[in-house]
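# Chains, contacts and geometry: an overview
Okay, here's what each chain looks like letter by letter:
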Amino acid sequence: MMSQFAIKSKKIVTPRALRDGFVIVNDGIIEAIVDHLEQDFTSEIIDATDKVVMPGVIDPHVHINEPGRTEWEGFETATKAALTGGVTMLVDMPLNSSPVTTTVSAFDEKLAAASGKINNNVGFWGGIVPGNENEIEGLIEKGVLGFKAFLTHSGIDYFPNVTEEDLRKVMPIIASHNLPLLVHCELSEDMPAFNSNPTSYSAYLNSRPKEWEDHAIALMIRLCEEFNCWVHIVHLSSANSIEQIAIAKSKGLPLTVETAQHYLYFNAENIPDGNTAFKCAPPIREKANNDRLWQALADGIIDFVATDHSPAPPELKSLDTGDFTTAWGGVASIQFALPVLWTAARERGFSIMHISKWLCENPAKLAGQKRKGKIEAGYDADLIILNENESFLVTKFIIEHRHKVTPYLKETLYGVVEKSFLKGKLIFNQGELIAKQGKVVLSQ
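Residues numbered from 1 in each chain as written. Predicted model: local features only at pLDDT ≥ 70, side-chain atom pairs only at ≥ 80, totals over all residues. Heavy atoms only, no water.

### A few points about the overall build of the protein
- Helix and strand content of the protein: 11 helices and 18 strands.
- Each principal axis of the C-alpha distribution contributes one length, and for the protein these read about 70 × 45 × 40 Å.
- The proportion of buried residues among the 444 residues of the protein is 59%.
- Counted over contacts in the protein with a minimum sequence separation of 6, partners at least 24 positions apart contribute 75%.
- Of the roughly 16700 Å² of accessible surface on the protein, a fraction of 48% belongs to carbon and sulfur atoms.
- Side-chain charges of the protein comprise 41 positive and 56 negative groups, with the mean position of each set lying 3 Å from the other. (Helix = DSSP H or I, 4+ residues; strand = E, 2+ residues; numbered from the N terminus. Buried < 20%, exposed > 50% of the residue type's maximum accessible area, 1.4 Å probe, protein only. Contact = heavy atoms within 4.5 Å. Areas by Shrake-Rupley, 256 points an atom, 1.4 Å probe, with all protein chains shown as cover. Lys, Arg positive; Asp, Glu negative; His and termini not counted. Charge placed at Lys NZ, Arg CZ, Asp CG, Glu CD.)

What follows is the structure, given as structure tokens:
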């Protein structure tokens, strides 16, 4: 690939419009978007015809699990799966690896584990757990993009949940650096039991009620306002919290929100009993709830969509027993981030412009990436060419995740990524990974 080239397309996704023309790339940077090339332009031209040219997807909510639990996923498989689906950058969560990323020394181990293994760009969140407030400054100096905390048990004993008292210690520090605090918002006040019917999805759904989220989000809004600390609510599933979020945003609070593809694609009414591939926390809720999530996304109350890719070995998903009480909670889906959302969105009348905002532009802001997420002069040429009208069937044979367990099996999805570029380098072409150009992304 030459240092300068152009991509020609009738469907270039820019922040303001879908346009016909050329994206000129020079030394890894988008130089210009033009209607016509100058006559003296002699560099390579890639003709995408009527395929979509859009920014690479940025997924800021991914559990890679390396080091220590590479048998769950790992940098090689996670980033290959991501790139196959058009994700040019992801941000790794601080739990599930061993050690968890709550200290500077653990972060050093994480960086060492990633070396030579990543196929796309990878950033990292630091973790907040009780008693690690003295590690925050060091983690920031090392380059974490922000921090993640749980208000309920994370599923990993080495990553315990924080209390309001813990948050009061760390939020002033995080706020002073203008970094985001990502929060899993569930307050597990009373745990409804369903051991008598452990394979029932409706029983599992009822065991994690919306009120858990609503009360946790209310707490975080209050602390967000008190400390002026950027709070980001991850994987919103309770539509009952939309109103309080909208009110907080109308006050100008530094509050952002994501939901996940599975809350927009699936509905509880259609989830079979015993199919633990669907188990996640918070749970996938009923259609009426999820319709409201779509509306909040359209209205900008929800800022973007991220996968919360959280894989585990098949035996931990209790697939043989269908027992929701013992199954690991997490949906494996990074490869399908773009086609799942596009498939559901196109049925509702949304355009590829919406997809670019929800999967590229707004996630870039959370990750602190000022030169990614848009096709605009001066931005990194992290680009994908997408055939948005081509469909495919999800089978185990096409899955690049380490384990082939996902609720999207046998789903027909739209949107096939034909080419991916990182800083102007062609790294994925027609189903083949052709170069390993991924880099670690540290805070700027």
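### Structural notes on the packing of aromatic side chains
- One pass over the structure, following the stated rule, counts 16 aromatic pairs.
- Grouped by ring-pair contacts, the aromatic residues Tyr265, Phe266, Phe278 and Tyr408 constitute a single cluster.
- Looking at arginine 69, its charged tip hangs above the ring of tryptophan 72, at a distance of 5.5 Å from the centre.
- Above the face of the tyrosine 414 ring, arginine 346 is positioned so that its terminal group lies 4.0 Å from the ring centre. (Phe/Tyr/Trp six-rings, centres within 6.5 Å; stacked < 30°, edge-to-face > 60°. Lys NZ or Arg CZ within 6 Å of the ring centre and 35° of its normal.)

### Here's the deal with the pairing of strand 15 (residues 383–393)
- Pairing geometry for strand 5 (residues 52–55) and strand 15, over four bridges, is antiparallel. The partner of proline 55 across the bridge, within strand 15, is leucine 383.
- The pairing of strand 15 with strand 16 (residues 412–422) spans eight bridges and is antiparallel. The residue bridging serine 391 from the neighbouring strand is tyrosine 414, located in strand 16. (Pairing = 2+ DSSP bridges.)

### Some points on the sheet that holds strand 14 (residues 304–305)
- Across the sheet, six strands lie side by side as 9-10-11-12-13-14; this open sheet has parallel pairing. Of all strands in the sheet, those bounded by a partner on one side alone are strand 9 (126–127) and strand 14.
- Sitting on the sheet, helix 7 (residues 242–250) touches strand 12 (231–233) and strand 13 (255–259), and the angle it makes with strand 13 is about 145 degrees. (Axes fitted to C-alpha atoms, helices over the stretch in contact; angles between N-to-C directions.)

### Looking at the layout of surface pockets
- In this structure, the largest pocket encloses a volume near 650 Å³.
- Lining the largest pocket we find 33 residues, and of these His153, Gly155, Arg208, Ala281 and Gly329 sit closest to its centre.
- Secondary structure elements with two or more residues in the lining of the largest pocket: strand 10 (147–150) and helix 5 (201–207).
- Its residues assigned to classes, the lining of the largest pocket comprises 12 nonpolar, 16 polar and five charged.
- In this structure, the second largest pocket spans a volume of roughly 300 Å³.
- If you go around the second largest pocket, you meet 15 residues; those closest to its centre are Thr84, Gln335, Val416, Val417 and Phe428.
- Residue classes in the lining of the second largest pocket are distributed as seven nonpolar, six polar and two charged. (1 Å grid on protein atoms, 1.4 Å probe; cavity = no way out; pocket = protein on both sides within 12 Å on 5 of 7 lines; lining within 4 Å. Points joined across faces, edges and corners; volume = space filled by probe spheres on them. Nonpolar A, V, L, I, M, F, W, Y, C, P; charged D, E, K, R; others polar.)

### Focus: the pairing of strand 7 (residues 87–92)
- With six of six residues buried, strand 7 is to be regarded as a mostly interior element.
- Note that strand 6 (residues 57–62) and strand 7 share four bridges and pair parallel. Residue pairing in the sheet places isoleucine 58 in a bridge with methionine 89 of strand 7.
- In this region the chain leaves strand 6, passes through helix 1 (residues 75–84) and returns to the parallel neighbour strand 7; the handedness of that crossover is right-handed.
- Judged from the four bridges that link them, strand 7 and strand 8 (residues 121–124) form a sheet pairing that is parallel. Bridged to aspartate 92 within strand 8 is phenylalanine 124. (Right-handed = clockwise from strand over helix to strand, strands pointing away.)

### Re the pattern of salt bridges
- The tally for this structure, following the rule as stated, stands at 21 salt bridges.
- We note a salt bridge from glutamate 286 to lysine 210, for which the minimum N-O separation is 2.5 Å. In this pair, glutamate 286 sits in the loop between helix 8 (261–265) and helix 9 (287–299) while lysine 210 sits in helix 6 (residues 210–227), placing the two residues 76 residues apart along the sequence.
- The exposure class of glutamate 286 is partly exposed, given its relative accessible area of 23%. (Salt bridge = Lys/Arg side-chain N within 4 Å of Asp/Glu carboxyl O.)

### Things to note about the sheet that holds strand 6
- Spatially, 6-7-8 is the arrangement adopted by the three strands of the open sheet, whose pairing is parallel. Looking at the sheet topology across the chains shown, the edges are occupied by strand 6 and strand 8. Sheet twist, expressed as the mean angle between neighbouring strand axes with direction ignored, is 20 degrees.

These values are about where atoms sit, not about what they do.
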